Amino acid sequence: MRIPLLDLQAIHAPLRAELDAAIATVLDSGAFVLGHEVSAFEAEFAAFCGVAHGVGVANGTDALMLALEACGIGPGDEVLVPAFTFIATAGVVSRLGARLVFADVDAAHAGLTAATVAPLLGPATKAVIAVHLYGHPAALIELRRLLEPRGVVLLEDAAQAHGARLHGARVGGFGRAGCFSFYPTKNLGALGDGGIVVTREAELAERLRLLRNHGRRTQDEHLTPGVNSRLDAIQAAVLRVKLRSLAAWNEARRRLAALYDALLAPLPQVTRPGVAEGAEPVYHQYVVRVEERERLRAFLAERGIATAVYYPLALHEQPAYRGPRWPLGAFPVAEGLARRVLSLPLYPGLPEDAVCEVCAAIADFYSGKGA
Ligand SMILES: *Cc1c(COP(=O)(O)O)cnc(C)c1O
């Protein structure tokens, strides 16, 4: 594709010398799992989020799983998750043996709101996982107001939203824990897998440190059965270098998103993403909603423009969860999004000309020109 959805080479090229040096430092240190680079990164990323503690883990999925476990969620507990998200958000609930409850999302920002969650709360509800889909913060303030008095744990799946803000504060610190992924394609990506849980609570952070490392307190003493889910030093060293550029990268994403917004505004067939009051999204994806999506995708591909669909199925439509408990039609907003969402090329370093070209091609498609 002439205009790719994401170009990691372009993102890494200006940092190449720094990344090489960071990797060499770890190689020379001989400390490869946890250790200095990991604790330094944990502190730096937690500070970036405006939160006191960070616990590095092996990936974003483990971040969610261990956060649930550290909050005491287990078999018999109900956990609410959006019906429209990456499958990991729901998978961890099932894997823990907790009872998964899907909630629909709001049409405007594809996230949970008090209105979609409230009717599903019951005596067994122990936690809600809000997802900041595409980098747009979920309705955290109203969710917290709804859940806190009921003693229901609010967790944030911030895997797509490193640095996003709501009323001035970065996501990750609104819930009891914020869970991030450093999968290479995320706004902050490692050169492999990685993840972190951030939290304001020292005690929760301590439980997470135990759980991620075999329940180990000292070399020979294990307080609880844990898992092996540690961040490694090479990834941490790379993430420390890349973290210094994250705010600028997010700003670049926002500028490109604003350009898309302006150029697509004249097209009534294209619904643009929109921004909730007080929200400062980081556009992990720039996602429009369109009818005739598959024909538009083919038309753009013909012109060398890559697009993607996140996600073509709502979670209750996935083979993993399909069944009588959630019939088709159970979550109309999620199902509607799955039919219409389309991600357009967006990454720091994408030339503005490319955005203009994508928008011109979409305009041609809907005017019947150049078909
Ligand atoms: C990427 C992602 C995850 C999982 O992160 P991994 O590091 O791939 O395990 C979870 N939730 C959402 C919303 C994601 O986008």
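Described below are features of the structure shown in this document.

About the criteria used
Residues numbered from 1 in each chain as written. Predicted model: local features only at pLDDT ≥ 70, side-chain atom pairs only at ≥ 80, totals over all residues. Heavy atoms only, no water. Axes fitted to C-alpha atoms, helices over the stretch in contact; angles between N-to-C directions. Helix = DSSP H or I, 4+ residues; strand = E, 2+ residues; numbered from the N terminus. Parallel < 35°, antiparallel > 145°, perpendicular 65-115°, else oblique. Left-handed = near helix turned anticlockwise from the far one by under 90°. Contact = heavy atoms within 4.5 Å. Salt bridge = Lys/Arg side-chain N within 4 Å of Asp/Glu carboxyl O. Buried < 20%, exposed > 50% of the residue type's maximum accessible area, 1.4 Å probe, protein only. Lys, Arg positive; Asp, Glu negative; His and termini not counted. Polar contact = N/O pair within 3.5 Å; in protein donor to acceptor, adjacent residues only side chain to side chain. Core = buried A, V, L, I, M, F, W, Y, C linked by side-chain atoms within 4.5 Å. Pairing = 2+ DSSP bridges. Near = heavy atom within 4 Å. Areas by Shrake-Rupley, 256 points an atom, 1.4 Å probe, with all protein chains shown as cover.

## Some thoughts on the packing of helix α3 (residues 36-49) against helix α9 (residues 233-264)
Thought 1: At a closest axis distance of 8 Å, the pairing of α3 and α9 adopts a crossing angle of 30°. What the angle tells us is that α3 and α9 run roughly parallel. Viewed along their axes, α3 and α9 form a crossing whose handedness is left-handed. Judged by residue contacts, H36, E37, V38, A40, F41, E44, F45 and F48 of α3 engage A233, A236, A237, L239, R240, L243 and L246 from α9.

## A few points about the pattern of salt bridges
Thought 1: The final tally for this structure, using the stated rule, is 21 salt bridges.
Thought 2: A salt bridge links E44 to R240; the shortest N-O distance between them is 2.7 Å. One end of the pair, E44, is in helix α3; the other, R240, is in helix α9, and 196 residues separate them in sequence.
Thought 3: Using a relative accessible area of 30% as the deciding quantity, one classes E44 as partly exposed.
Thought 4: Looking at R240, the relative accessible area reads 19%, which means it is buried.

## Points about the side chain of R289
Thought 1: For R289, the position within the fold is in strand β13 (residues 286-289).
Thought 2: One buried charged residue, R289, remains without a salt bridge, the closest side chain of opposite sign being D106 at 7.0 Å.
Thought 3: There is a polar contact of 3.3 Å between the side chain of R289 and the backbone oxygen of A108.
Thought 4: Look past the residues within four positions of R289 in its chain and what remains in contact with it is A107, A108, H109, A110, Q269, V270, T271, L337, R340 and V341.

## Considerations on the nonpolar core
One broad rule of soluble globular proteins: the nonpolar side chains tend to lie buried together.
Thought 1: Within the largest apolar cluster, 129 residues are counted, with the highest numbers of intra-cluster contacts made by F45 and F84.
Thought 2: With 13 residues, α9 is the single largest residue contributor to this core.
Thought 3: Those residues in contact with F45, other than ones at most four positions away along the chain, are H162, F180, F182, L188, I196, V198 and L243.

## Re the pairing of strand β8 (residues 177-181)
As a general feature of sheets, a regular strand has side chains that alternate between the two faces.
Thought 1: Of all five residues in β8, five are buried; the element is thus mostly enclosed.
Thought 2: Of the two faces of β8, the one lined by A177, C179 and S181 and the one lined by G178 and F180 are each fully buried.
Thought 3: In this structure, strand β5 (residues 153-157) lies alongside β8, joined through three bridges in parallel fashion. Across the sheet, D157 pairs through a bridge with C179, a residue of β8.
Thought 4: Pairing between β8 and strand β9 (residues 195-199): four bridges, direction antiparallel. From the neighbouring strand, S181 faces β9, where its bridge partner is G195.

## Observations concerning the sheet that holds strand β4 (residues 125-131)
Thought 1: The sheet built from seven strands is open, its strands ordered β1-β9-β8-β5-β4-β2-β3 with mixed pairing. Only two strands of the sheet have a single partner each, and these edge strands are β1 (53-57) and β3 (99-103). Geometrically, the sheet is characterised by an average inter-axis angle of 25° between neighbouring strands, direction not taken into account.
Thought 2: With three bridges joining them, strand β2 (residues 78-82) and β4 adopt parallel strand pairing. Paired with L80 across the strands is V128, a residue of β4.
Thought 3: Each of β2, β3, β4 and β5 touches helix α5 (residues 88-95); the most contacted strand, β3, lies at about 155° to it.
Thought 4: Across the sheet, helix α8 (residues 202-211) lies against β1, β8 and β9, angled at about 15° from β1, the strand it touches most.

## With respect to the packing of helix α2 (residues 16-29) against α9
What describes two packed helices is the angle between their axes and the distance between those same axes.
Thought 1: At a minimum axis separation of 9 Å, α2 and α9 run at an interaxial angle of 150°. One finds that α2 runs roughly antiparallel with respect to α9. Once α2 is placed against α9, the crossing between them reads as right-handed. Contact residues: α2 offers E18, L19, A22, I23 and V26, while α9 offers A233, I234, A237, V238, V241, K242 and R244.

## Overview of the environment of V275
Thought 1: Tracing the backbone through its elements, the reader meets V275 in the loop between α9 and β12 (279-280).
Thought 2: With relative accessibility at 43%, the residue V275 sits in the partly exposed group.
Thought 3: Note: C-alpha distance between V275 and E291 (16 residues apart in sequence) is 21 Å.
Thought 4: Aside from chain neighbours lying at most four places away, what touches V275 is H109, H136, P281 and Y283.

## A few points about the site of the ligand
Thought 1: Taken together, 13 residues form the shell around the ligand, and within it G60, T61, D157, S181 and K186 come nearest.
Thought 2: D157 is positioned such that a nitrogen or oxygen atom in its side chain is 2.8 Å from a nitrogen atom of the ligand.
Thought 3: With respect to the ligand, the side chain of K186 contributes an N or O atom lying 2.6 Å from an oxygen atom.
Thought 4: Considering the ligand on its own, with 380 Å² of exposed area, one finds that the protein chains cover 92% of that surface.

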